[in-house]
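# Structural overview for review
Here are the chains, one letter per residue:
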Amino acid sequence: MQTTQDDTGSKLYTATLVRSQRITPADSPEEVRHLVLRREGKAFEGKMGQCIRIMAPGQYGNKYHPRLYLIAEPGSERDDGTEFAICVKRHNYIDDFNGERYPGIASNYLCDLPVGATVEFGGPVGYPFTMPESRQAGIIMIGMGTGIAPFRVLIRTIYEKYGSWEGKVRLFYGAKSGLEMLYMNDANKDLAQYVYQPTFKAFQAISPRPALDAPVELDKALEQNAAEVWEMVQRADTHVYVAGVNDMLPRVEKALAGIAGSVAAWTKVKKSLQDSDRWHEVLF
Ligand SMILES: Cc1cc2nc3c(=O)[nH]c(=O)nc-3n(C[C@H](O)[C@H](O)[C@H](O)COP(=O)(O)OP(=O)(O)OC[C@H]3O[C@@H](n4cnc5c(N)ncnc54)[C@H](O)[C@@H]3O)c2cc1C
């Protein structure tokens, strides 16, 4: 089913849009959609934590406008592996020069794509999030916005595929407001089914002043659970996963340094997590 190549010679594939569901409530100012795609004829090998490169039609003479999207459901979650999903936020921006509002090219193309249409894509891109070897291992997930996509896969994998998990599983998840808590709002409550798992706890963080773009208080959520976070990150088997927008990391790192007691103490712990492949991150 391989079709063409992009400018760098990487293989491109074709997928058909099978389902497009808005997963933020209708009254939320943000539109985020869960898109299920089917790669005809052959399984798609992308894994949790990896992205696909969507080749949206380009503008101004460019054939493509390529953009990355995290895999929200790997092919391996479906029967024959041909279906997979991505989670896309409709992106608009204000031009600094003329103050006009422009639609982001790839995100609007994807959010407006009708069911049955085809899209070209490349990948998978990036390193997959590896799972801890032992079911007793701790899992800390820290995410923002569409960064929750790989965490949803992780949580489903451990409680549905593995059946249970004995270590502590902690999700620190931030969004501008409660309406934008993806997979945990009135439009889609997918993750709510796991709150009854004895080893799972989710902590949500929002922005105190979303209209003014005040930062989401993920750092506070971590600080409120300082003792448990500190105990978990020092264990030799805990894995930490971070996914979301780039600018969340400095605040998260600052909170973790505070929890550790100093930047030096946190740097040491983080190095040990990284050296043993227990620190996983995808930022954008
Ligand atoms: C590793 C990775 C994973 C990602 N995963 C996801 C995901 O799972 N879900 C998701 O929704 N997004 C994800 N993204 C973001 C995604 O790749 C796109 O960047 C996003 O959808 C916007 O693309 P766009 O084509 O719609 O916008 P574009 O048209 O590319 O515009 C994006 C930005 O470019 C700037 N810009 C472009 N043109 C102009 C101009 N003329 N004047 C001023 N500024 C301009 C603006 O700052 C604007 O905000 C990910 C990104 C990375 C790097």
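Criteria and cut-off values
Residues numbered from 1 in each chain as written. Predicted model: local features only at pLDDT ≥ 70, side-chain atom pairs only at ≥ 80, totals over all residues. Core = buried A, V, L, I, M, F, W, Y, C linked by C-beta atoms within 7 Å. Buried ≥ 20, exposed ≤ 12 C-beta atoms within 10 Å, placed from the backbone. Helix = DSSP H or I, 4+ residues; strand = E, 2+ residues; numbered from the N terminus. Domains from an automatic or database assignment. Contact = placed C-beta atoms within 7 Å. Near = placed C-beta within 6 Å. Nonpolar A, V, L, I, M, F, W, Y, C, P; charged D, E, K, R; others polar.

## Quick look at the nonpolar core
Core analysis: the biggest nonpolar cluster contains 73 residues, and Ile86 and Leu218 have the highest contact counts within it. Considering every element that reaches this core, the biggest residue donor is helix 2 (residues 148-161), with seven residues. Counting only domains with at least three residues in this core, you end up with domain 1 (2-125) and domain 2 (139-283). If we skip the residues at most four places from it in the chain, Leu218 touches Ile142, Met144, Phe172, Gly174, Ala205, Met248, Arg251 and Val252.

## Things to note about the site of the ligand
Residues in contact with the ligand amount to 22 residues; listed here are only the nearest, Leu70, Gly104, Ala106, Ser107 and Phe284. Listing elements by their share of the shell around the ligand, those giving two or more residues are strand 5 (64-73), strand 6 (83-89) and helix 1 (105-112). The element contributing the most residues to the shell around the ligand is strand 5, with five residues. Split by residue class, the shell around the ligand holds 12 nonpolar, six polar and four charged.

## Looking at unusual backbone geometry
In this structure, the amide linkage connecting Gly123 to the following residue, Pro124, adopts the cis form with an omega of 5°. Position of Pro124 among the secondary structure elements: in strand 9 (residues 118-125). A positive phi angle, near 50°, is found at Tyr60, a position not held by glycine. Structurally, Tyr60 is set in the loop between strand 4 (51-57) and strand 5. For Asp277, which is not glycine, the phi torsion reads 55° and is therefore positive. The residue Asp277 is located in the loop between helix 6 (263-275) and strand 14 (279-283) in this model. We classify Asp277 as exposed; it has 10 C-beta atoms within 10 Å.

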